[in-house]
Amino acid sequence: MYRYDTIDRTLVNERVEQYRDQLTRHLAGELSEDEFRPLRLQNGLYIQRHAPMLRVAIPYGLLSAKQLRMLAHIARKYDRGFGHFTTRQNIQYNWPKLEDSADILADLASVEMHAIQTSGNCVRNITSDEFAGIAPDEIVDPRPLSEILRQWSTFHPEFAFLPRKFKIAVNGAAEDRAATAFHDIGIYVLRNFEGELGVRVLVGGGMGRTPIIGHVIRDFLPWKHVLTYIEAILRVYNRHGRRDNMYKARIKILVKALGPEEFTRQVEEEWVHVKDGPGTLTREELDRVTAYFPAPEYETLADVDAGHEQHLAENAAFARWVGRSVRPHRIAGYRSVVLSLKKTGVPPGDATAEQMEAVADWSERFGFGEIRVSHEQNLILSDVRVSDLHTLWLEAKTAGLATPNIGLITDIIACPGGDFCSLANAKSIPIAEAIQRRFDDLDYIHDIGELNINISGCMNSCGHHHAGHIGILGVDKDGEEWYQVSIGGADGSSAGHGRSAIGKVIGPSFKAEAMPDVISTLVDTFVELRDEGERFIDVVDRLGQAPFKARVYASRQEKEVLDA
Amino acid sequence: MPEIIRKGAVVQDDWQVVRPEAGQGVNDLPPGHVIVPLGLWLANTEALIARGNVAVWLAGTDDPALVAPWLERLPLVAVDFPKFTDGRGYSVAYLLRSRFGWRGELRAIGDVLPDQVFYMQRVGFDAFAVRSDRSVATALRALKTFSDAYQGSWDNPVPAFRREPRPWPESLGQDSLKARQQA
Ligand code: SF4
């Protein structure tokens, strides 16, 4: 894992002091709320429905056991004993006190963490593949470049007041597990035919009000040019992105307005001036950062373990969990394990301090002390010996982290929604729970197979509803909460054949009470129409929306639906 | 006389920023040192040169290339921040310095607040007309917020990774660094 050196430590500590001073001036009335807002946001602090909310960065989703224990400590000391893992590989605390916020940042700094640029109109936390370094389908490990980008973007003086927020994702595997095409800049790390290391650059993807798949503006860019090229993109955006209307301020709108060709031309024109300048990456720097991500000292193990095989044969519940939660690993005899934060009745992505501590302990006992956070809002143990899987399962079950639903209908991705978020049009968590309660038969949900449901409480799309096989969006109609349903979205992962697609709305919105029935009808339609081996998304792709739409609306009374 | 920060010190300054209303022109300028918008300068260059004591300010929407031909004749250039959250001025300043070679005073005007001057100085500003209801002393202190930086900008174009040797991960030791470098 990356470790801070003097520069990292100095900057993060100075940031805490800077923020402490700003907070003090704000509390003393010297800094107005309007002036303080962008400053606190760039330190992860929102003012929410009940209290401030603090969003802490987990750069590219990687945590050490020590860091996770600190997150647990913060949950206990400053919050109500839990935290919420988000679709952007951050963790959010919903109940900290404004007065405590500088102390929390200081605690984070003590374990080489921060909340820098987790909000505000700046370059946000860099996200990546949660299986980086361990996935068998990896082409290039995305972590070194992600860390290099974290450093480059941190306190970039020119790009701290962009027209709007700016999200960068990096993926280095055959499967896209970072929803890369949905980012302001998406980066695929790869090798060309000559074996040279480089990146493919996408620009202008995003969700929100105007969901768009990013455009490839560079098919292959040699690795050393990555920073200068991104600088050129950001300079064009900073100067020409719209600032008159916050709904039209993302880079995707600029790319659309200029057209991808003209946008690319402007970037290339700008890039000529910075190309090969001092911002050009060096071999030494790439090697140095890469050296922070060595493979741990794996044992030489057989890939098959007799004890494990026996447990599989004798224990159907264990076998079912293995089928969903245990993932292949690059090294024989090891697996990665997805711990589900989607137990029915628990808000998706929430973990208690005790659970975080348990996961930290397992990561040390069963692995090398490393944990990953996925954009699906689950936690991952990266290097578990096959022979330890059964013991881990028993303990994870006790801790409520072994729901065998990864990738299935109840592994719902949901934003905090109206229960916490002051921007929400509608609640997300109760909808997720109602759907989970409806689908309470494990045999049935396994029979349904892979199905991603994503719920966002408003157009900001924190729940990535556009990319859900079934997407649910909270809308406000005359002060009432309604839900718009879309189908056919895909986040670029193998769950959607590697495609990135934006779901299409099926029709008028529904009231909260109707949602479990609507989802049931969609699933029933799929079950009737599916061919052998087909998943929900496959049937939507093959037959389109029509049969689903017909069934859902035929069975509903006029008064229950609303014109969308 | 108002106080501004210039080259890291608080100084008295009598340059007046002129924001003409529609229909106002060169003849409406107040006496003394004036900083006029780029548009006014471009439309009345000769008259303004004849007047003397004239500098130019750019809006975030202005193309800095347009002022480039006149830089030699200008005593100072200012960049306006209509709101402190409008970050265009940072790129305009960076371009004036790094691309168009402006070496004279580059002044931030408008909604200039203490908490932004650190980044402003990095992109090339060396003078700050801090908003009159805000503390110049706080701004002066804020210029020293950070003692290092990862990425290059105008103040130091060389990023941290080229500037100083950063350590090799301890866990791997120096031997492995050498082995890698030889590989
Ligand atoms: S999608 Fe909307 S409601 Fe949900 S967390 Fe984001 S801003 Fe809040």
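Parameters at a glance
Residues numbered from 1 in each chain as written. Chains lettered and ligands numbered in written order. Predicted model: local features only at pLDDT ≥ 70, side-chain atom pairs only at ≥ 80, totals over all residues. Heavy atoms only, no water. Near = heavy atom within 4 Å. Nonpolar A, V, L, I, M, F, W, Y, C, P; charged D, E, K, R; others polar. Domains from an automatic or database assignment. Contact = heavy atoms within 4.5 Å. Buried area = accessible area lost by both parts, 1.4 Å probe. Salt bridge = Lys/Arg side-chain N within 4 Å of Asp/Glu carboxyl O. Polar contact = N/O pair within 3.5 Å; in protein donor to acceptor, adjacent residues only side chain to side chain. Pairing = 2+ DSSP bridges. Helix = DSSP H or I, 4+ residues; strand = E, 2+ residues; numbered from the N terminus. Axes fitted to C-alpha atoms, helices over the stretch in contact; angles between N-to-C directions. Buried < 20%, exposed > 50% of the residue type's maximum accessible area, 1.4 Å probe, protein only. Phe/Tyr/Trp six-rings, centres within 6.5 Å; stacked < 30°, edge-to-face > 60°.

## Re the site of the ligand
- In the neighbourhood of the ligand, the contacting residues comprise C415, P416, G417, C421, L423, A424, S456, G457, C458, N460, S461 and C462 of chain A.
- A breakdown of the residues in the shell around the ligand according to their chemical character gives seven nonpolar, five polar and no charged.

## Quick look at the domain arrangement of chain A
Residue and element names in this part refer to chain A.
- Per the domain assignment, the segments of chain A are domain 1 (6-109), domain 2 (134-290), domain 3 (306-379 + 386-398) and domain 4 (413-563).
- One C-alpha centre belongs to domain 2, the other to domain 3, and the line joining them spans 33 Å.
- At the interface, seven residues of domain 2 touch seven residues of domain 3.
- Together, I134, P136 and R143 form the three largest contributors to the area buried by domain 2 at its contact with domain 3, with a combined 77%.
- Linking domain 2 with domain 3 are one salt bridge, by the criterion used here.
- At the surface where domain 2 touches domain 3, the tally comes to two residue pairs in polar contact (both at pLDDT 80 or more).
- Here the side of domain 2 that touches domain 3 is composed, by residue class, of five nonpolar, no polar and two charged.

## Digging into the sheet that holds strand β8 (residues 127-128) of chain B
Residues and elements named next belong to chain B.
- With respect to topology, eight strands assemble into an open sheet ordered β2-β1-β8-β7-β6-β5-β4-β3, the strand pairing being mixed. A strand with exactly one partner marks an edge of an open sheet, and here the two such strands are β2 (9-12) and β3 (16-17).
- When strand β5 (residues 54-58) meets strand β6 (residues 76-81), the two strands line up parallel, connected through three bridges. In the strand pairing of β6, W57 is matched with A78.
- Here helix α3 (residues 88-98) sits on the sheet in contact with β5, β6 and β7 (105-110), set at roughly 160° to β6.

## Digging into the interface of chain A and chain B
- At the junction of the two partners, chain A supplies 54 residues and chain B supplies 44 residues.
- Of the roughly 4300 Å² buried where chain A meets chain B, counting both sides, 57% is carbon and sulfur surface.
- Our count for the contact surface shared by chain A and chain B stands at eight salt bridges.
- Between R239 of chain A and D63 of chain B there is a salt bridge, and its shortest N-O distance comes to 3.9 Å.
- For the interface between chain A and chain B, the tally reads 19 residue pairs in polar contact (both at pLDDT 80 or more).
- Elements that contribute at least two residues to the side of chain A that touches chain B include exactly α1 (6-27), α2 (33-41), α5 (143-153), α6 (226-240), α8 (260-274) and α9 (283-290) of chain A.
- Among the elements that take part in the side of chain A that touches chain B, α1 of chain A stands out by supplying ten residues, more than any other.
- The residue makeup of the side of chain A that touches chain B, split by class, is 19 nonpolar, 16 polar and 19 charged.

## Remarks on the pattern of salt bridges
- Evaluated as defined, the whole model comprises 70 salt bridges over all chains.
- Here E105 of chain B ties to R6 of chain B by a salt bridge, and the two come within 2.8 Å at their closest N and O atoms. With E105 of chain B in strand β7 and R6 of chain B in strand β1 (residues 3-6), this residue pair connects regions lying 99 residues apart in the sequence.
- In this structure, R107 of chain B engages E105 of chain B in a salt bridge whose closest nitrogen and oxygen atoms are separated by 2.8 Å. Taken as a pair, R107 of chain B and E105 of chain B share a single burial class, namely buried.
- Within this structure, D5, D8, E147, R150, E285 and R288 of chain A together with R166 of chain B form a network of salt bridges that share partners.

## Some thoughts on the sheet that holds strand β5 (residues 90-93) of chain A
Residues and elements named next belong to chain A.
- Read from one edge of the open sheet, five strands run β1-β2-β5-β4-β13, paired in antiparallel fashion. Of all the strands in the sheet, just β1 (45-47) and β13 (350-352) have a single pairing partner and so form its edges. The average angle at which neighbouring strand axes cross in this sheet is 30°, direction not considered.
- In terms of strand pairing, strand β2 (residues 52-57) meets β5 through four bridges, oriented antiparallel. Counted as the bridge partner of A57 is N90 from β5.

## A short note on α5 of chain A
- Across the eleven residues of α5 of chain A, eleven count as buried, placing the element largely inside the fold.
- Phi turns positive one or two residues past the end of α5 of chain A, at F155 of chain A, with a value near 60°.

## Comments concerning the packing of aromatic side chains
- Tallied over the full model, the rule gives 24 aromatic pairs over all chains.
- With a centroid separation of 6.2 Å and 15° between ring planes, the pair formed by F439 of chain A and Y444 of chain A is classed as stacked.
- Given a relative accessible area of 5%, F439 of chain A falls into the buried group.
- Taking 5.3 Å as the distance between ring centres and 70° as the angle between the ring planes, the aromatic pair formed by F81 of chain B and Y90 of chain B counts as edge-to-face. Each member of the pair, F81 of chain B together with Y90 of chain B, is buried.

## What to know about unusual backbone geometry
- Its identity is not glycine, yet Y60 of chain A carries a phi of approximately 40°, on the positive side.
- Here Y60 of chain A lies in the loop between β2 and β3 (62-64).
- Look at Y60 of chain A and you get buried, because its relative accessible area is 6%.
- The phi torsion at K7 of chain B lies on the positive side, around 45°, for a residue other than glycine.
- Within the secondary structure, K7 of chain B sits in the loop between β1 and β2.

## Quick look at the environment of K275 of chain A
All names here are of chain A.
- The residue K275 is located in the loop between α8 and α9 in this model.
- Residue K275 is classed as partly exposed on the basis of its relative accessible area of 34%.
- For K275 and R55, which are 220 residues apart along the polypeptide, the C-alpha to C-alpha distance reads 35 Å.
- When sequence neighbours within four positions are dropped, the list of residues in contact with K275 reads H225, T228 and T280.

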